[in-house]
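Each chain is listed here by its residues.
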Amino acid sequence: MVVPGRQDKEEKIYYPPEDLQMNAHVPNFNSYLALYKRSIEEPEEFWRDAAQEFYWKESPSGQILQFNFDVTKGNISMKFMAGAKTNMCYNVLDRNVLDRNLGEKVAYLWEGNLPAHHQTITYGQLLKQVCRCANALKQTGVKKGDRVAIYLPMIPELVVTMLACARIGAVHSAVFAGFSSESLAERIVDAQCSVLVTADGVYRGEKLINLKQISDEALEHCQEKGSPTVQKCVVVKHHTLRASGTDECNKLQTPWNAERDVWWQDIVDSESEQCDPEWLDAEDPLFILYTSGSTGKPKGVLHTVAGYLLYTSLTFKYVFDHHHDDVYWCTADIGWITGHSYIAYGPLANGATSVLFEGVPVYPHVGRYWEVIEKYGVSKFYTAPTAIRLLMKYGREPVEKYDLSSLRVLGTVGEPINPEAWLWYHDAVGQGRCPVVDTFWQTETGGHVLTPLPAATPLKPGSAVRVFRKPWPGIMRGIYGNQERFESTYFRKFPGFYVTGDGCRRDKDGYYWITGRMDDMLNVSGHLLSTAEVEGALSTHAAVAEVAVVGRPHPLKGECLYCFVTLKDSHEFTHDLVEELKGKVREKIGPIATPDFIQNAPGLPKTRSGKIMRRVLRQIARNEKDLGDLSTLADSKVVDVLFSYRCKTA
Ligand code: WTA
């Protein structure tokens, strides 16, 4: 995405505040360089030192980092602490409670969709709850290596279930609770999950979502696909419990299959608070998390125990300059990697206190984020450019109503941040005193890969700073069940390197500026979507003959979906049809993928060999009249027709 004005604004440099530098883990640029240099030149020693903080039932047998990133030299592989035995859950809970005396410390400040709903959970309580859940999972038949699907909203039980899986060596596969039943089913089938953990329902803002009903539909789809692997569905009583005694209760019908379904409260609450952790190999799988792939089929990104533990914990500590008295808040959903790494594992590994927020930024009012920051005295705040742009729209007044003096460091993630949003975040939210760490990374990288450090790096608004070439412990170990796709997606293009799929440019000072995706992926409000996936969803409508989806810049979402649809002969392009098509996408993928624009396309621009020229479609969507060389088009008249049907407003 090219942002107007970027060239001028990038020249101003923001230096780290001195008071932050006084206590920081990495207090200045030179100390950062020394650390960076050591991590690159002596990775064995660097990571061996970092590993000392954690508990290893058995030590690693050989080299700490073993890898091959070069397809020309054999299969791609990476191993970290191979031979060591440990347990993630033990390290993030028992170690904090037993060895670090943090049993009474608050792990999560849970803040519900409504400000009146909130709850605190200490490390000690979390450990007990996780053990109960782990015992209950074992009772339902879950064993080491089994996959457990989790389709839960932002409630403590989500973290509890993940950690319970980690404790017994089961592999969790969390699916963002905004995905449709079909998306959920596709992920359950791919990972062959034996248990699904969900909730009755949840309010997101003013909207009540019947998660159990969606889950039931998903399980029916699994049956239809001939893959009825889910034996048990565990249902957290959430909405019904919160709403008990009010009319709200009647708003939700919870469908029930007595043979398969059990209430969480019925099986977890009665279990013992003791559960021995399963000692796992460092390279045993920890979780699978799906991310969009350019073929349209989501990729099950696989992460393993030890590397992910070390990488998320170390990046959390340095990038947010974590200190014991911090209150940290990451607004992401745990259903995405940001939540896995920087709400669950990274913060817990550091014994941090985090806000766990169920709601949305503008409910019940547009100052909700700022209210929560004041309420809990949040010192480190991590959110997405799309949220910043949304809140920026309401001006400074809602921000200024609240006391944000507790803030020390701000972070952003998920998509390139435009300098305007960066500056507003820095000035209006951070009151000019808080560095903004713009963290570039991916589901596949496990944790931050390009980012400033708050007390060490002079900042340029919108820039992601420096890069490295060597493998790191947090990188994905594969795509679940598909080594070939893993190698071809990430390692074939530049042998010896991992390819992110993003473009970037380097400026004269060596700062890297991420320019956005270079493949057929779109980044809508920080969520990666593949054009093929959306095209697949639209094609299921009976009226559609052919379809092509491209991205178009959007002031809040960063990018939005612009769809060109060719109808079958007997069909007419009407407003109702457009709504039906949008409905198809919501049904097949989920509301996050709803197209903003659907245009009638009597024909699509194709090369003589029949390949759709997406470049031309992108330019039409953006109303760029100068289309350059069109000589490869089979029929250039199609372009004028498409311009005449262009959607001007959403
Ligand atoms: C994009 C999210 C620019 C990028 C953690 C990447 C970013 C994709 C940034 C991964 C950033 C993420 N600046 N672009 N700070 N952070 N991206 O897997 O295109 O959901 O490849 O992981 O988001 O998205 P994913």
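Residues numbered from 1 in each chain as written. Predicted model: local features only at pLDDT ≥ 70, side-chain atom pairs only at ≥ 80, totals over all residues. Heavy atoms only, no water.

Focus: the overall build of the chain
Point 1. Along the backbone of the chain there are 22 helices and 28 strands.
Point 2. For a compact globule of 650 residues, the expected C-alpha radius of gyration is about 26 Å, and the chain comes in at 25 Å, within 12% of that figure.
Point 3. Overall, the chain is about 75 × 65 × 60 Å in size when its C-alpha atoms are taken along their principal axes.
Point 4. Per-residue burial over the chain gives 61% buried out of 650 residues.
Point 5. Here the contacts in the chain between residues at least 6 apart in sequence split such that 74% fall between residues at least 24 apart.
Point 6. For the chain, the exposed surface amounts to about 25,700 Å²; the carbon and sulfur share of it is 49%.
Point 7. Side-chain charges in the chain split into 72 positive and 79 negative, and the spacing between the mean points of these groups amounts to 4 Å. (Helix = DSSP H or I, 4+ residues; strand = E, 2+ residues; numbered from the N terminus. Rg over C-alpha atoms; globule rule 2.2 N^0.38 Å. Buried < 20%, exposed > 50% of the residue type's maximum accessible area, 1.4 Å probe, protein only. Contact = heavy atoms within 4.5 Å. Areas by Shrake-Rupley, 256 points an atom, 1.4 Å probe, with all protein chains shown as cover. Lys, Arg positive; Asp, Glu negative; His and termini not counted. Charge placed at Lys NZ, Arg CZ, Asp CG, Glu CD.)

Thoughts on the confidence of the model for the chain
Any residue range with low pLDDT should be treated as having predicted coordinates unsuitable for detailed reading.
Point 1. With 98% of its residues at a pLDDT of 70 or more, the chain has an overall mean of 94.
Point 2. This model gives residues 1–8 a pLDDT under 50, and the stretch forms 15 contacts once residues within four places in sequence are excluded.
Point 3. Overall fold confidence for the complex sits at a pTM of 0.94, while the interface term, ipTM, reaches 0.99. (pLDDT = per-residue confidence, 0-100.)

Topic: the packing of aromatic side chains
Point 1. Scanning the entire structure with this criterion turns up 41 aromatic pairs.
Point 2. Both rings, one in Tyr55 and one in Tyr90, keep their centres 4.9 Å apart while their planes meet at 45°; by these two values the pair is tilted. Of the two residues, Tyr55 is situated in the loop between helix H4 (43–51) and strand E1 (65–68) and Tyr90 in helix H5 (residues 88–99); the sequence distance between them amounts to 35 residues.
Point 3. Each ring, one from Tyr369 and one from Phe381, has its centre 5.8 Å from the other, and the planes form 80°; the classification is edge-to-face. Here Tyr369, found in helix H14 (residues 368–376), pairs with Phe381, found in strand E18 (residues 380–383); they are twelve residues apart in sequence, far enough to count as distant. (Phe/Tyr/Trp six-rings, centres within 6.5 Å; stacked < 30°, edge-to-face > 60°.)

Points about the sheet that holds strand E16 (residues 327–330)
Point 1. Taken in spatial order, the seven strands make up an open sheet running E5-E4-E17-E16-E18-E19-E20, and their pairing is mixed. The sheet is open, and its two edges are formed by strand E5 (118–122) and strand E20 (436–439), each paired on a single side. The mean angle between the axes of side-by-side strands here comes to 20°, regardless of whether they run parallel or antiparallel.
Point 2. Examined bridge by bridge, strand E4 (residues 106–111) and strand E17 (residues 353–357) share four bridges and lie parallel to one another. Note that in E17 the partner of Tyr108 across the bridge is Ser354.
Point 3. With respect to the sheet, H14 is in contact with E4, E5, E16, E17 and E18, its orientation differing from that of E4 by roughly 145°. (Pairing = 2+ DSSP bridges. Axes fitted to C-alpha atoms, helices over the stretch in contact; angles between N-to-C directions.)

What about the UniProt feature "domain: AMP-binding enzyme C-terminal" (unreviewed entry) in the chain?
Point 1. Per the UniProt entry, the sites bearing "domain: AMP-binding enzyme C-terminal" (unreviewed entry) are residues 533–611 in this numbering.
Point 2. What you have in residues 533–611 is 27% helix and 32% strand, and the ends, taken at the C-alpha atoms, are 18 Å apart. (UniProt positions renumbered as here; feature names shortened; annotations may be inferred.)

Regarding the layout of surface pockets
Over the atoms, a rolling probe the size of a water molecule traces out where space has been left empty.
Point 1. Put simply, the second largest pocket is a space of about 1,100 Å³.
Point 2. At the level of secondary structure, the elements contributing two or more residues to the lining of the second largest pocket comprise helix H18 (483–490), strand E22 (502–506) and strand E23 (512–517).
Point 3. Grouping the constituent residues of the lining of the second largest pocket by class yields 18 nonpolar, twelve polar and ten charged. (1 Å grid on protein atoms, 1.4 Å probe; cavity = no way out; pocket = protein on both sides within 12 Å on 5 of 7 lines; lining within 4 Å. Points joined across faces, edges and corners; volume = space filled by probe spheres on them. Nonpolar A, V, L, I, M, F, W, Y, C, P; charged D, E, K, R; others polar.)

Looking at helix H12 (residues 305–319)
Point 1. When the terminal C-alpha atoms of H12 are compared, their 21 Å separation across 15 residues agrees well with the 21 Å that a helix rising 1.5 Å per residue should span.
Point 2. Burial of H12 is extensive: 14 of the 15 residues sit out of reach of the surface.
Point 3. Just downstream of H12 lies Asp321, where phi reads positive at about 40°. (Expected span 1.5 Å × (residues − 1).)

Regarding the site of the ligand
Point 1. Taken together, 17 residues lie around the ligand, and Asp438, Thr439, Thr443, Asp502 and Arg517 are the ones closest in.
Point 2. Within the backbone of Glu415, one N or O atom sits 3.3 Å away from a nitrogen atom of the ligand.
Point 3. Here a nitrogen atom of the ligand sits 2.7 Å away from a polar atom, N or O, in the side chain of Asp438.
Point 4. Relative to its free-state accessible area of 530 Å², the ligand is covered by the protein chains to the extent of 96%.
Point 5. Secondary-structure elements contributing two or more residues to the shell around the ligand are helix H13 (337–349), E20 and E23.
Point 6. Here the residues of the shell around the ligand sort into seven nonpolar, six polar and four charged. (Near = heavy atom within 4 Å. Polar contact = N/O pair within 3.5 Å; in protein donor to acceptor, adjacent residues only side chain to side chain.)

Focus: the nonpolar core
The tendency in soluble globular proteins is for nonpolar side chains to be buried as a group.
Point 1. Residues Trp47, Tyr108, Leu126, Leu163, Tyr345 and Phe491 are the most contacted members of the largest nonpolar core, which totals 162 residues.
Point 2. If one sorts the elements of this core by residue count, H12 sits on top with ten residues.
Point 3. Setting aside anything within four residues of it in sequence, one finds Leu163 in contact with Cys89, Val92, Leu93, Leu126, Val130, Tyr345 and Leu348.
Point 4. Formed by 32 residues, the second largest nonpolar core is a distinct cluster that contains Tyr14, Trp329, Ile373 and Ala428. (Core = buried A, V, L, I, M, F, W, Y, C linked by side-chain atoms within 4.5 Å.)

Re the pairing of strand E25 (residues 527–530)
Point 1. In terms of strand pairing, strand E24 (residues 521–524) meets E25 through four bridges, oriented antiparallel. Bridge pairing in E25 places Asn523 opposite Leu528.
Point 2. Between E24 and E25, which pair antiparallel one after the other, the connecting turn spans two residues, and Ser525 there sits at a positive phi close to 50°.

Notes on the packing of H5 against H12
Point 1. Between H5 and H12, the least distance of the axes is 9 Å, while the angle of their chain directions is 40°. On the basis of the axis angle, H5 is oblique to H12. Contacts between H5 and H12 involve Met88, Asn91 and Val92 on the former and, on the latter, Val305, Tyr308 and Leu309.
Point 2. Residues belonging to the contact of H5 with H12 are distributed by class as follows: five nonpolar, one polar and no charged. (Parallel < 35°, antiparallel > 145°, perpendicular 65-115°, else oblique.)

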